[in-house]
Amino acid sequence: MACMLEAPLRISVLSEVTATSRHYVDRLFDPDPQKVLQGVIDMKNAVIGNNKQKANLIVLGAVPRLLYLLQQPTSSLELRTECAVVLGSLAMGTENNIKSLVDCHIIPALLQGLLCQDLKFIEACLRCLRTVFISPVTPVQLLFTDPTVIPHLMSLLSRSQRTQEYITQIFSHCCKTPEHQMILYNHGAIQNIAPLLMSPSYKVQMQALKCFSVLAYENTQVSMTLVNVLVDGELLTQVFVKMMQRDRPIEMQLTAAKCLTYMCRAGAIRTDDTCIIMKTLPCLVRMCSKERLLEERVEGAETLAYLMEPDVELQRIASITDHLVAMLADYFKYPSSVSAIADIKRLDHDLKHAHELRQAAFKLYASLGANDEDIRKKITETENMMDRIVSGLSESSIKVRLAAVRCLHSLSRSVQQLRTSFHDHAVWKPLMKLLQNAPDEVLVMASSTLCNLLLEFSPSKEPILESGVVELLCSLTQSDSPALRVNGIWALMNMAFQADQKVKVEIVRALGTEQLFRLLSDPDANVLMKTLGLLRNLLSTRPHIDQIMSSHGKQIMQAVTLILEGEHGIEVKEQTLCILGNIADGHTAKELIMTNDDMLQKIKSYMGHSNVKLQLAATFCVSNLIWNEEDGEEDAATAHKGDDTGGNPVARGSQERQDKLREMGFVDILHKLTQASDPNLCDRAKTAMQQYLA
Amino acid sequence: MAELGAGSLQVGDPALNYQERELNERLKRLYPAVNEEETPLPRSWSPKDKYSYIGLSQNNLRVHYKGHGKNHKDAASVRATHPIPAACGIYYFEVKIVSKGRDGYMGIGLSAQGVNMNRLPGWDKHSYGYHGDDGHSFCSSGTGQPYGPTFTTGDVIGCCVNLINNTCFYTKNGHSLGVAFTDLPPNLYPTVGLQTPGEIVDANFGQQPFVFDIEDYMSEWRAKIHGMIARFPIGERLGEWQAVLQSMVSSYLVHHGYCATAMAFARATETKIQEDQSSIKNRQRIQKLVLAGRVGEAIDATQQLYPGLLEHNPNLLFMLKCRQFVEMVNGTDSEVRCFSTRSPKSQDSYPGSPSLSPRHGATNPHLHSTATDSPTCSNGVTSKNKSHSKYPGISSSSSSSPSSPSSIVYSESNSTDSTKSQPHSSASNQETSDSEMEIEAEHYTNGVADSSSARIMNGTYKHEEILQTDNHSLGNGLPADESDQPRQLCGGNQAATERMIQFGRELQALSEQLCREYGKNPTHKKMLQDAFSLLAYADPWNCPVGQQLDPMQRESVCSALNSAILGKGCECSGSLSHFFLSLSHARTHTNTQMELLQFIHQLTGLNNLPDFNYPFQSLIF
């Protein structure tokens, strides 16, 4: 199939094919094996460093013939080796070359070749395999299709420094998933590769080190094993620490720091271990310095961000180390204005890394400011920081947008920043823009940030409300991703907190009761909690309670019943009882409970629940039901302005309700609760009892 | 406290010995290049070099505050027993905050000898500190800069001085806080200052293992310097180092026009000088003219000797012409000099030193020169003695011989002013002196030349006139500037002033022409503006732009012209010799340089570096 696709390409290249290229290929078919060998050697010399020649030979079909010669048992070892060398050379060319080689099934052929005993031939095959596998166009899965390959490669590790270098390099490039990690782990990768860290060859050391970093990444089992490995009587972690010494090559320091970072994040090393606090963290901070190459600075910042993400102490230490916060500001200065004019090559280099640098810096800022208010302040006070985030939110690179919104999210946990810099820079505008048609990962971050911006004390809440965000949030609640559903409903909940009637009505209208009730049966407990929270916020002041309950009372009562009867955690039930309590506070709404004996029975049983929180919530509800209306009458009067239906249900008043509840045995329970050991519960029960006395 | 310290001294004798041994071992390991017989390392606080509000105990390692601590006037500091030897390369000490006392106003840092001890480190000139109450760094100033976190009881603060790049950073509990100071002067002492009652800190000069991994930091610098040296391959031949150093010395001498010295050096080392001797002399002559303020003549000479040079360097030409204008204001340029009624000799205001010294840190020439004078003078009290500035007074022709030799003297004397150099110049009446390049008596109408001595110290030169005028007796170090009559515009001559104004118009025209041809040039505009501004003041020498008239300003012009003639930019090429030159220029004190070289020697382990056993040292350093 691949050949078919490449047909037009072939024609164009063919026209350029010279007679000499054809001559090289023709010689591979010579009946005299000696002449074939000479032909292969000549071909080897012809293709070195000559990409055009390589393409020509591939187009002319040299690869299948070389592979045939390589696999032929009748070929001399010398010929087979030379074939592998030429194929390795062809692989060094362009990505298209690699594709053609892979399409010709070079990988199984070379892997087969590894079964040969001859070291030189094996090395040639491995070299070629290495070149093919490290290319991004090669599917890594090809290494794992034959289960005998990995154990065989492990056994070849002892053959020579070259086999060590090539095999470890193949491993570190092909180990991309947890399954790959486990395959390598189960075949003794750790025991086999650990001694190579002491290799006299720097290349072998480095490739072995890289192997450990990919093996340990997010893998607890591997990481836990690694901490106990001894190399030459020394713990592996100590070997890594030595590799981070400041006189070691930067690449080695950085990769060793990555290994320790991954082991730490996988839970194998504590975050307060000296090797993390005193060695890995400062090493990674150094990698962010201006003296390092742009690539190293990106990798250093990303690794450091990952290392300290969950640990506030590491964040605090990093924030004071070597002026890191200020150092990161430099990441935004590429391409620098000087490079633009002075040096095209440099400009090109800068441009290539500019996005990477920015996203790395945003990530690191996000990590730094994740928990500590002082650090957040320090970050927002960095030169032009908020402007940079704002422009980062609308950059073309998705990676930068994502990192920028992560950073914003991290900073949005600060009440002070929400009140000041966030409002001053109107960050909600680009954020709202970002929410339109963004991929899920960006949406999750952006909506989380939005949740914080919608908090009651955030001055951005008003403009966001006016920008018509409700529809968008409602659509998030219908997402397949639980994280997005949570964020959508969470934002709505924040929005409804102490909101105007208008806003509440708008939320209920846009969300629709159907969706609301669907969310109440959401499999995700978080979604359920936030939906209940939304309900509770919707049902807050008396007029609102009555209005919503008059239109949706039946469904809400059903949902509440359902949840109270269902298998839910304490928190969910507590929240539900609080909603009931709010309903009980309404004028007309309380009748919905009073007329529902089943519900009253439920409340009664919760008053005697073993959990104090549930008892408190249930008592609160009862207290509202029996409340004397003297002070409430005026409210009721205003609330019912224009209500000309006459027969005021409230007027029948508290007395009736009190009587009914007494009949049902609530007073006895309240009485009991006044003796409760929990002072809050005791107080609340006493307050409720006073209503009877009054 | 003191008793307590004494007590522990008796009880803990074996322990003390052990600690002493450990200290010795650690110091030897950290600073292997330091020869403690010459430059002892700081090992404790000095009981003599402290303010009275400071109490010392525990072998002079513990510092406590015993003043009133009412306000900043009650601040008190203590210095270590010795300054940090340059041969350390990288020096480090730590201070543990035992108690923050009442307010925790503690400063940890460095200061030069002689800095007021009634202050916290950092507040005064040549004093640097990091303060615990606000986390600010104080760089010779009463106002701090936000630097790091605050520190308090239980924290260990480290201070690292990098003598290779003259920076300093602090650490807190083993975490590096980043660079705090740059461009540090040499010979600083570890210093702490306290300000409120109850403040107690303990020093660790190596008695204990450090919290911060300083050896790791040192290893990075060792690797860095290794790498730097490795970038300059030395080839197979063993004699290569010698050749590199010789060519370094030779090219330095040639570049700056020390013709005779260069020749002598070439003879001694049996090497060749690339440039023709006459060419060196030509350059020298031109340089001399510029340095004497006779820029017009310098331009003429350049055009005559190097035709086309200035035509191809319009920027340089413009710079020269601007300078010429300034010199006309000064009354020194020949275009106005010919009108002058005063003796030309008296106009020759610039010391006759033929050469231009490489001015490192030229922003503060005075500090620079005082620092070179002697160790005793580098105590941070800047000498106001402008011994190298001009002597406009009329000298008696008999007081100095026309062939007064200028010698190149390596001096370690404690002399702090120019008069002390007199014995040198008279004592060095040698055949091998550079006198021939100093004196061009024929230029002077009265046949009496102003002579001078170029005293070479530590890679910088001090320009001095050895004119013994009647009113300046020996030992009188008063700046000559402050003497006699006020200076006048263009020497006070009407015709000269007219000529100057005409020249100004020409200059303006040249500027416009350049602007048309090459586009706007803000540097030119600034130069022109500055030069013309001189005329706006009644006394140009004492006006905001008057600094232009300082003969010192001729040097940059001179250097630019010299480099242009040599066909190279001002920046040296990346040669090994440049590396060493830059290193040696990094410091101004001879000892410092030699120590630093020792340090590098140690660092690199390059045993095939030559010993500095031929006239090398006395020539350059």
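To keep things clear, this report deals only with the structure shown in the data block. (Residues numbered from 1 in each chain as written. Chains lettered and ligands numbered in written order. Predicted model: local features only at pLDDT ≥ 70, side-chain atom pairs only at ≥ 80, totals over all residues. Heavy atoms only, no water.)

**Observations concerning the side chain of Arg65(A)**
Residues and elements named next belong to chain A.
Argument step 1. If you trace the backbone, Arg65 turns up in helix α6 (residues 62-71).
Argument step 2. Among buried charged residues, Arg65 stands out as having no salt bridge; its nearest opposite-charge side chain is Asp30, 8.8 Å away.
Argument step 3. Apart from residues no more than four positions distant in its own chain, Arg65 is found in contact with Leu28 and Phe29. (Helix = DSSP H or I, 4+ residues; strand = E, 2+ residues; numbered from the N terminus. Buried < 20%, exposed > 50% of the residue type's maximum accessible area, 1.4 Å probe, protein only. Lys, Arg positive; Asp, Glu negative; His and termini not counted. Salt bridge = Lys/Arg side-chain N within 4 Å of Asp/Glu carboxyl O. Contact = heavy atoms within 4.5 Å.)

**Overview of the interface of chain A and chain B**
Often the size quoted for an interface is simply the accessible area lost on bringing the parts together.
Argument step 1. Counting residues at the interface gives 13 residues for chain A, matched by 18 residues for chain B.
Argument step 2. Buried surface at the junction of chain A and chain B, summed over both partners, amounts to about 1,300 Å²; 50% is from carbon and sulfur atoms.
Argument step 3. Linking chain A with chain B are three salt bridges.
Argument step 4. With a shortest N-O distance of 2.5 Å, Asp213(B) and Lys279(A) are connected by a salt bridge.
Argument step 5. On inspection of chain A and its partner chain B, the count reaches seven residue pairs in polar contact (both at pLDDT 80 or more).
Argument step 6. Among the elements of the structure, α19 (274-287) and α21 (312-320) of chain A are those that each provide at least two residues to the side of chain A that touches chain B.
Argument step 7. It is α19(A) that contributes the most residues to the side of chain A that touches chain B, four residues altogether.
Argument step 8. Of the residues in the side of chain A that touches chain B, the class split is four nonpolar, three polar and six charged. (Buried area = accessible area lost by both parts, 1.4 Å probe. Polar contact = N/O pair within 3.5 Å; in protein donor to acceptor, adjacent residues only side chain to side chain. Nonpolar A, V, L, I, M, F, W, Y, C, P; charged D, E, K, R; others polar.)

**Focus: the pattern of salt bridges**
Argument step 1. In the structure shown here, the tally under the stated rule is 44 salt bridges over all chains.
Argument step 2. The salt bridge partner of Arg518(A) is Glu514(A), with a shortest N-O separation of 3.6 Å. Here Arg518(A) pairs with Glu514(A), and both are found in helix α36 (residues 513-520), just four residues apart, close to one helical turn.
Argument step 3. In this structure, Arg62(B) and Asp202(B) form a salt bridge, with 2.7 Å as the shortest nitrogen-oxygen distance. Highlighted residues: Arg62(B) in strand β3 (residues 62-65) and Asp202(B) in strand β14 (residues 199-204), separated in sequence by 140 residues.
Argument step 4. The buried category is assigned to Asp202(B), whose relative accessible area is 19%.

**Some details on the layout of surface pockets**
Argument step 1. For the second largest pocket, the calculated volume is near 1,300 Å³.
Argument step 2. What lines the second largest pocket is a set of 42 residues, among which Asp322(A), His323(A), Leu324(A), Gly178(B) and Val179(B) lie closest to the centre.
Argument step 3. For the lining of the second largest pocket, the secondary-structure elements that each account for two or more residues are α21, α22 (324-329) and α25 (373-380) of chain A together with β11 (167-172), β12 (175-181) and α3 (214-230) of chain B.
Argument step 4. Across the lining of the second largest pocket, the residue classes break down as 14 nonpolar, 13 polar and 15 charged. (1 Å grid on protein atoms, 1.4 Å probe; cavity = no way out; pocket = protein on both sides within 12 Å on 5 of 7 lines; lining within 4 Å. Points joined across faces, edges and corners; volume = space filled by probe spheres on them.)

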